[in-house]
Amino acid sequence: KVSPHNPSSHSELATMASIHVDACMANFQMQEHPAEVPPWRYEIFEEQIEIQNGFACLPDRPGLGLTLREDVASRYPYQPHTRQCLFNSDGSPART
C-alpha cells in the first residue's frame, strides 16, 4: 500500500494533483491533506476538493479541476521560505 506525502500541503493545487496521481495507483491507500493552514487555502480557488464518505472525488472539469481566483491570489503574493540547512557546505551534518 502507498500513502503519498503531499508535496505542498499548503496548496489545494498540489493536493488536487496528488489526488489525480493517487487515482492511477492500484496500491493507493490514503493521501495526506492538512486541512487548516494556511487559512486562505480554501479561498484561492473557485472550487474545493469534494470529500464523500472519507474519499476525495475527482472533478469532471478540465485539467486538475480548479479555477484560480486571481483577485484572491494577488492578496497573497509568493514569499520564499528557506528551510534550515541540515548540512554544512562540506556535506557534514549541521548542528540543529
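Not measured: the values here are computed from a predicted model.

A.B. asks: Whenever I open this one, the pattern of salt bridges confuses me. Can you help?
C.D. replies: Pairs can form between side chains of opposite charge whenever their charged atoms are close. In the structure shown here, the tally under the stated rule is three salt bridges. A salt bridge links glutamate 43 to arginine 75, with the shortest nitrogen-to-oxygen separation between them at 3.5 Å. Of this pair, glutamate 43 sits in the loop between helix H1 (12-22) and strand S1 (51-52) while arginine 75 sits in the segment after helix H2 (70-73), and the two are 32 residues apart along the sequence. On the basis of relative accessible area, glutamate 43 is assigned to the partly exposed category, the value being 29%.

A.B. asks: For this particular structure, what's the right way to read the packing of aromatic side chains?
C.D. replies: Between two aromatic rings, the relevant description is the distance of the centres plus the angle of the planes. Scanning all chains against the criterion turns up one aromatic pair. Where tryptophan 40 meets tyrosine 76, the ring centres are 5.3 Å apart and the plane angle is 25°; that geometry is what we call stacked. Residue tryptophan 40 is located in the loop between H1 and S1, and its partner tyrosine 76 is located in the segment after H2; the two are separated by 36 residues in the primary sequence. Tyrosine 76 sits in the partly exposed class, given a relative accessible area of 30%.

A.B. asks: Is there a simple way to explain the confidence of the model for the protein in this structure?
C.D. replies: The predicted coordinates of low-pLDDT regions are not to be read in fine detail. For the protein, the mean per-residue pLDDT works out to 86, and 90% of the residues sit at or above 70. Model confidence for the protein, summarised as mean pLDDT per element, is weakest for strand S2 (residues 55-56) at 90 and strongest for H2 at 94.

Scoring rules and cut-offs
- Residues numbered from 1 in each chain as written.
- Predicted model: local features only at pLDDT ≥ 70, side-chain atom pairs only at ≥ 80, totals over all residues.
- Heavy atoms only, no water.
- Salt bridge = Lys/Arg side-chain N within 4 Å of Asp/Glu carboxyl O.
- Helix = DSSP H or I, 4+ residues; strand = E, 2+ residues; numbered from the N terminus.
- Buried < 20%, exposed > 50% of the residue type's maximum accessible area, 1.4 Å probe, protein only.
- Phe/Tyr/Trp six-rings, centres within 6.5 Å; stacked < 30°, edge-to-face > 60°.
- pLDDT = per-residue confidence, 0-100.

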